[in-house]
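Remarks on the overall topology
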Amino acid sequence: MASVLFKHIYKRYPGGVTAVSDFTLDIQDKEFVILVGPSGCGKTTTLRMIAGLEEITEGELFIDEKRINDVAPKDRDIAMVFQNYALYPHMSVFDNMAFGLKLRKVRKEEIKRRVEEAARILDITHLLDRKPKALSGGQKQRVALGRAIVREPKVFLLDEPLSNLDAKLRATMRTELTKLHQSLQTTFIYVTHDQVEAMTMASRIVVMKDGVIQQVDTPQNLYDYPCNIFVAGFIGTPQMNFIDCKLTKPKGQDDCFIEFNGISIKLPASKFEDSNLSEYIGKDVIAGLRPELLHDEPVYMEKFKDTIIEAKVDFTELMGAEIYLYLNIGGGEETLKGIISEGTNLIARVSSQSTAKAGDVIKIAVDTSRIHIFDKETAQVIVH
């Protein structure tokens, strides 16, 4: 068990390419930390620097308070699970799991004990005599995890271990990995581009973009309090709706509004308490609304009667327990220059009882209590 501390880590490649920039993070003992972000954001490079597979250009890395920049990979007491499993095809499952221990000259009895214990935890005892070619994708993944478990490392590193599995198996393995972390009580550092994996498994999530940490927080806090537009759009399915709008305060009124495409939506007075939002009155801003904050059920029409707007339904997606409505707001109207406006596209996540269908013009009640307002220039949040 170990903590992992990054102090101003940089990774630069020849030619001036900076893959990771000023990465500073303190991972506590037994945490399940997930690095998430789009392809090319530097998350796998960061993981490989922990493993010693990539050299650190600048900065310091500590495991269990010991500086490991110059420590050989085999001496770092970590175990890594790769995306492609990396199993030896000519070896049985038992030998694949035992291979690293044999190299370390661990006694045969101890190897047998560790392999059988790991196989029991992962429910692959019946597979120990098989070769990898006789295994399914999920079984191969369990073997790769087993090979890491038998090492009894201080830190587990997992590089997109579920990306090769089908959707149903991925969901099952997410649960299995969470249980595994709870039973092993070891530090897990996990890389994925799938924000659903991050939201469901992590104790903390590190959101990265272009090699830079954008925000580090618990899954719920990332969802509720994103620090900028990138984090807000990356976390959540479907993603947050963003509206280019102007913050206005009509003369003689106390209320403030966001205005776009001839539509006005009143903001709650609470948004102006303990924030500098009033400084943006008369300026262009970006409003962020989660799809679940747009309602078409009658019960919400009364509850949010001050923020009802009309929208045209472009198309719908039935997701079983809910429906996604793809809406167009303020479109089809002729502007002063004689151009037909395209409108603003939004997604609403509503009850499966909704009767809205493509082509309908419906009323939408907007819950503005959880609206986010972002600075248009810096993309940073002004108020949640």
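Read on for a plain summary of the structure. Values in this document were obtained by computation on a predicted structure and should not be read as measured data.

Moving on to the overall build of the protein. Looking only at helices and strands, the protein has nine helices and 21 strands in total. Each principal axis of the C-alpha atoms in the protein carries an extent, and together these give about 85 × 45 × 35 Å. Out of the 384 residues in the protein, the part that is buried amounts to 48%. For the protein, long-range pairs separated by at least 24 residues make up 67% of all intrachain contacts whose partners lie at least 6 apart in sequence. Split by element, the accessible area of the protein, about 18900 Å² in all, is 49% carbon and sulfur. If you average the places of the 49 positive and of the 54 negative side-chain charges in the protein, the two averages end up 8 Å apart.

Here the focus is the pairing of strand E17 (residues 322–329). Within E17, seven of the eight residues are buried, which leaves it mostly tucked inside the rest of the structure. The pairing of E17 with strand E18 (residues 344–351) spans eight bridges and is classified as antiparallel. Residue Ile323 lies in a different strand from E18, and its bridge partner there is Val350.

Quick look at the sheet that holds strand E4 (residues 58–63) now. The four strands are arranged E2-E1-E4-E5 in an open sheet whose pairing can be described as antiparallel. Either end of the sheet is taken by a strand with one partner, and the two such strands are strand E2 (17–27) and strand E5 (66–67). Examined bridge by bridge, strand E1 (residues 4–13) and E2 share seven bridges and lie antiparallel to one another. Paired with Val4 across the two strands is Ile27, which belongs to E2. Lying over the sheet, helix H1 (residues 43–51) contacts E1, E2 and E4, oriented at roughly 115° with respect to E1.

A few words on the sheet that holds strand E8 (residues 187–192). Within the open sheet, the six strands sit side by side as E6-E7-E8-E3-E9-E10. Their pairing is mixed. Pairing within the sheet leaves two strands with one partner each, and these edge strands are strand E6 (78–81) and strand E10 (212–217). The mean inter-strand angle of the sheet, taken between neighbouring strand axes irrespective of direction, is 15°. Relative to E6, helix H4 (residues 137–149) is tilted by about 175°, and along the sheet it contacts E6 and strand E7 (155–159).

This brings us to the side chain of Glu54. With respect to the secondary-structure elements, Glu54 resides in the loop between H1 and E4. At a separation of 3.3 Å, a polar atom in the side chain of Glu54 contacts the side chain of Tyr13. Leave out the neighbours within four places in its chain, and Glu54 touches Lys11, Tyr13, Thr45, Arg48 and Met49.

In this structure, Met97, Leu145, Leu158, Leu177, Leu180 and Tyr190 are the most contacted members of the largest nonpolar core, which totals 47 residues. Sequence-distant contacts of Tyr190, defined by excluding residues within four places in its chain, comprise Phe32, Val33, Ile34, Leu35, Leu158, Pro161, Leu162, Leu177, Glu197 and Met201. With 33 residues, the next largest nonpolar core counts Ile243, Leu267, Leu293 and Leu294 among its residues.

Among the six residues in strand E14 (residues 284–289), five count as buried, and that is most of the element. Inspection of the sheet shows E14 paired to strand E20 (residues 372–375) by four bridges, in the antiparallel sense. Note on E20: the bridge partner recorded for Ala287 is Ile373.

This next bit is on H4. With 13 residues, H4 extends 18 Å from end C-alpha to end C-alpha; this agrees with the ideal 18 Å at 1.5 Å per step. Most of H4 is tucked away, with ten of its 13 residues classed as buried. Regarding H4, the residues found buried are Gly138, Gln141, Arg142, Val143, Ala144, Leu145, Gly146, Arg147, Ala148 and Ile149.

Here Val150 lies in the loop between H4 and E7. According to the relative accessible area criterion, Val150 is buried, its value standing at 2%. Sequence separation of Val150 and Tyr280 is 130 residues, and the distance between their C-alpha atoms is 57 Å.

Once that is clear, we can look at the pattern of salt bridges. Under the definition given, this model contains 25 salt bridges. Linking Lys376 and Asp244 is a salt bridge whose minimum nitrogen-to-oxygen distance equals 3.6 Å. Linking Lys376 in the loop between E20 and strand E21 (381–383) with Asp244 in strand E11 (residues 241–248), this pair joins segments that are 132 residues apart in sequence. Classification of Lys376 as partly exposed rests on a relative accessible area of 38%. Here Asp314 ties to Lys312 by a salt bridge, and the two come within 3.9 Å at their closest N and O atoms. Classification of Asp314 as partly exposed rests on a relative accessible area of 34%.

This part covers the packing of helix H2 (residues 93–103) against H4. The geometry of H2 relative to H4 is characterised by a closest axis approach of 8 Å and an angle of 30° between their N-to-C directions. With respect to H4, the element H2 is oriented roughly parallel. Relative to H4, H2 is oriented so that their crossing is right-handed. Of the residues in H4, those touching H2 at Val93, Asn96 and Met97 are Val143, Gly146 and Arg147. Looking at the contact of H2 with H4 residue by residue, the class counts come to three nonpolar, two polar and one charged.

With that settled, consider the packing of aromatic side chains. Inspection of every chain in the model, using the stated rule, returns nine aromatic pairs. Ring centres of Phe230 and Phe234 lie 5.7 Å apart, and the angle between their planes is 25°; on these two criteria the pair is classed as stacked. Remark: Phe234 and Phe230 occur in helix H8 (residues 229–234); sequence separation between them is four residues, near one turn of the helix. Geometrically, the ring pair formed by Phe242 and Phe374 is edge-to-face, given 6.0 Å between the ring centres and 65° between the ring planes. Here Phe242, found in strand E11, pairs with Phe374, found in strand E20; they are 132 residues apart in sequence, far enough to count as distant. Three or more aromatic residues joined by ring pairs make a cluster, and in this case those are Phe32, Phe156, Phe188 and Tyr190. Between the NZ or CZ atom of Lys283 and the centre of the ring of Tyr280, over which it lies, the distance is 5.6 Å. Stacked on the ring of Tyr223, the Lys or Arg Arg290 has its end atom at 4.0 Å from the ring centre.

The rules we used
- Residues take numbers from 1 onward in each chain, read along the sequence in its written order.
- At least 70 in pLDDT is required for a residue's local features to be given in this predicted model, at least 80 for side-chain atom pairs to be given and counted, and no such filter applies to totals for whole chains, interfaces and linings, which use all residues.
- As a convention, hydrogens and water are excluded, and side-chain values are obtained from all of the structure's heavy atoms.
- For the purposes of this entry, the term helix denotes a DSSP run of H or I that reaches at least four residues, the term strand denotes a run of E that reaches at least two, and both are numbered from the N terminus.
- Only protein chains enter the accessibility calculation, which uses a 1.4 Å probe; a residue is then buried when its area is under 20% of its type maximum, exposed when over 50%, and partly exposed in between.
- The criterion used for residue contact is that any of the two residues' heavy atoms lie within 4.5 Å.
- Areas reported here follow the Shrake-Rupley algorithm with a probe of radius 1.4 Å; residue values treat only the protein chains shown as occluding.
- Neither His nor the chain termini are counted; the positive set is Lys and Arg, and the negative set is Asp and Glu.
- Charged side chains are reduced to one point each, which is NZ for Lys, CZ for Arg, CG for Asp and CD for Glu.
- Strand pairing is defined by DSSP finding a minimum of two bridges between the two strands.
- What counts as an axis is a line fitted to C-alpha atoms, over the stretch in contact for a helix, and the angles between N-to-C directions run from 0 to 180 degrees.
- For the purposes of these results, a polar contact is taken to be a pair of N or O atoms within 3.5 Å, where, inside protein, one atom must be able to donate a hydrogen and its partner to accept one; residues adjacent in sequence count only when each atom of the pair is a side-chain atom.
- Note on terminology: a nonpolar core comprises buried Ala, Val, Leu, Ile, Met, Phe, Trp, Tyr and Cys residues joined through side-chain atoms within 4.5 Å.
- Any helix carries an expected span of 1.5 Å times its number of residues minus one.
- When a carboxyl oxygen of Asp or Glu lies within 4 Å of a side-chain nitrogen of Lys or Arg, that pair is called a salt bridge.
- Throughout this description, any angle smaller than 35 degrees is read as roughly parallel, any larger than 145 degrees as roughly antiparallel, any in the 65 to 115 degree range as roughly perpendicular, and the remainder as oblique.
- Rotating anticlockwise by less than a right angle from the far helix to the near helix defines a left-handed crossing, while the corresponding clockwise rotation defines a right-handed one.
- Here the term charged refers only to Asp, Glu, Lys and Arg, the term nonpolar to Ala, Val, Leu, Ile, Met, Phe, Trp, Tyr, Cys and Pro, and the term polar to all other amino acids, Gly among them.
- Put simply, two rings from Phe, Tyr or Trp (the six-membered ring, in Trp's case) pair if the centres are within 6.5 Å, and we call them stacked under 30 degrees between planes, edge-to-face over 60, tilted for the rest.
- Both a distance and an angle decide whether a charge sits over a ring: NZ of Lys or CZ of Arg must be within 6 Å of the ring centre and within 35 degrees of the ring normal.

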